[in-house]
Each structure stands twice: as structure tokens, then as C-alpha cells.
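# Observations on the model geometry
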Amino acid sequence: HDKSDPGYFGHIELARPVYHYGFVDITLKTLRCVCFHCSRIVMDDTEYKFRRAKTIKNRKKRLTAMHELLRPKKKCDHCNGVQPKYTKVGLHVEIEYADGMDSVPGDKKQFLSAQKAVDIL
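With their axes 9 Å apart at the nearest point, helix 1 (residues 24–33) and helix 3 (residues 59–70) run at an angle of 45° to one another. Taken together, the axes of helix 1 and helix 3 lie oblique to each other. Here the hand of the crossing between helix 1 and helix 3 comes out left-handed. On helix 3, the residues that touch Ile26, Lys29, Thr30, Arg32 and Cys33 of helix 1 are Leu63, Thr64, Met66, His67 and Leu70. Residues belonging to the contact of helix 1 with helix 3 are distributed by class as follows: five nonpolar, three polar and two charged.

The next thing to look at is the nonpolar core. Formed by 16 residues in total, the largest nonpolar core has its most connected members in Tyr19, Leu31, Phe36, Tyr86, Val93 and Leu112. Broken down by secondary-structure element, the contributors of at least two residues to this core are helix 1, strand 2 (92–96) and helix 4 (114–120). With near-sequence residues (within four places) excluded, valine 93 lies in contact with Tyr19, Leu28, Leu31, Tyr86, Thr87, Gln110, Phe111 and Leu112.

Remember that side chains alternate between the two faces of the sheet whenever the strand is regular. Pairing analysis gives five bridges linking strand 1 (residues 85–89) to strand 2, with the strands arranged antiparallel. Opposite lysine 85, over in strand 2, you have glutamate 96 as the bridge partner. Counting the residues that bridge the hairpin from strand 1 to strand 2 gives two residues, and of these glycine 90 lies at a positive phi of roughly 65°.

Our focus in this paragraph is the pairing of strand 2. Pairing between strand 2 and strand 3 (residues 109–112): four bridges, direction antiparallel. In the strand pairing of strand 3, glutamate 96 is matched with lysine 109.

All right, on to helix 1 then. Residues of helix 1 that are buried: Val24, Thr27, Leu28, Leu31, Arg32 and Cys33. On its buried face, helix 1 is in contact with helix 3, strand 1, strand 2, strand 3 and helix 4.

Tallying each qualifying case throughout the model produces one aromatic pair. Summarising the aromatic geometry, the rings of phenylalanine 36 and tyrosine 97 are spaced 5.9 Å apart at their centres and angled 85° between planes, so their arrangement reads as edge-to-face. Pair noted here: phenylalanine 36 is in the loop between helix 1 and helix 2 (48–54) and tyrosine 97 is in the loop between strand 2 and strand 3, with a separation of 61 residues, a long-range link. One cation-aromatic arrangement involves lysine 116 over phenylalanine 36; the distance from NZ or CZ to the ring centre is 5.0 Å.

Okay, the pattern of salt bridges next. Note that side chains of opposite charge can pair when their charged atoms are close. This structure, assessed with the given rule, holds two salt bridges. Aspartate 77 is the partner of lysine 73 in a salt bridge, and the nearest nitrogen-oxygen pair spans 3.0 Å. Using a relative accessible area of 23% as the deciding quantity, one classes lysine 73 as partly exposed.

What follows covers a nonpolar patch on the surface. Together, Ile12, Leu14 and Val18 give the surface a local cluster of nonpolar side chains, amounting to about 310 Å² of exposed area. By the element assignment, leucine 14 lies in the segment before helix 1. Exposure remark for leucine 14: the relative accessible area of 49% places this residue in the partly exposed category.

About the thresholds
- Residues numbered from 1 in each chain as written.
- Predicted model: local features only at pLDDT ≥ 70, side-chain atom pairs only at ≥ 80, totals over all residues.
- Heavy atoms only, no water.
- Axes fitted to C-alpha atoms, helices over the stretch in contact; angles between N-to-C directions.
- Helix = DSSP H or I, 4+ residues; strand = E, 2+ residues; numbered from the N terminus.
- Parallel < 35°, antiparallel > 145°, perpendicular 65-115°, else oblique.
- Left-handed = near helix turned anticlockwise from the far one by under 90°.
- Contact = heavy atoms within 4.5 Å.
- Nonpolar A, V, L, I, M, F, W, Y, C, P; charged D, E, K, R; others polar.
- Core = buried A, V, L, I, M, F, W, Y, C linked by side-chain atoms within 4.5 Å.
- Buried < 20%, exposed > 50% of the residue type's maximum accessible area, 1.4 Å probe, protein only.
- Pairing = 2+ DSSP bridges.
- Phe/Tyr/Trp six-rings, centres within 6.5 Å; stacked < 30°, edge-to-face > 60°.
- Lys NZ or Arg CZ within 6 Å of the ring centre and 35° of its normal.
- Salt bridge = Lys/Arg side-chain N within 4 Å of Asp/Glu carboxyl O.
- Patch = residues over 30% accessible without salt bridge, like charges linked within 9 Å, V, L, I, M, F, W, Y side chains within 5 Å.
- Areas by Shrake-Rupley, 256 points an atom, 1.4 Å probe, with all protein chains shown as cover.

Below, the structure is given as C-alpha cells:
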């Protein structure tokens, strides 16, 4: 990137990550599919339904299938970590820590920073 080029119209450098309004739903679905604690897919990849969903070629359909399969899981198969509940609130993601989650920082319900989402993913 040429320093003399100001970039395209509307481009700004941000000090930290933020949610993009066009990708909040995809981010939410993806967060529900991976472990809050160890960042791995919440289901063991040897399970038949998971392997079948993984073969879907269309990315949008594959994410939808994975989300429907993995969203109901309350614990991650790999680390037994309890999953929080994720909800879209405007352009933000709200997290509700589940009972039994260790070391909840502050309130049980709070906004999940975009930086924390990046760290998880």
C-alpha cells in the first residue's frame, strides 16, 4: 500500500477490531460453532453428521448446516468447556455466560468485544 495514496473513499485505520454490519450474522453463527475456551469446533470431527455437513460445497449452505448442527451443543467435545449464549444486539454481539462457566468476568450478560471474537476465532 503506497503511503501517498489515501486509500479508497471512506477507508479509515482503526485502533482495534470492530464488527462489520455486513458480517455480524456470519460472525455470530461462526462463534456458536467454535469453543469459547479452546477455539476448536464444538463437536468431535469423527461424528457422522459433522463429516456429512463438512462436505457441502456451497459455503453459505455449509455454514448454515454446521450452525444448525452445532448451535444446540452446550459443551465442547474436546475440552468439555461450557458454551455461552450469543445474541445479536444491533451491531454488537451480546454474550450470556452459562451456569457452571468458570471465572465469569463481571456480569453474566455483557457485550463481547470484537477483539475477543477475533481471539476466539
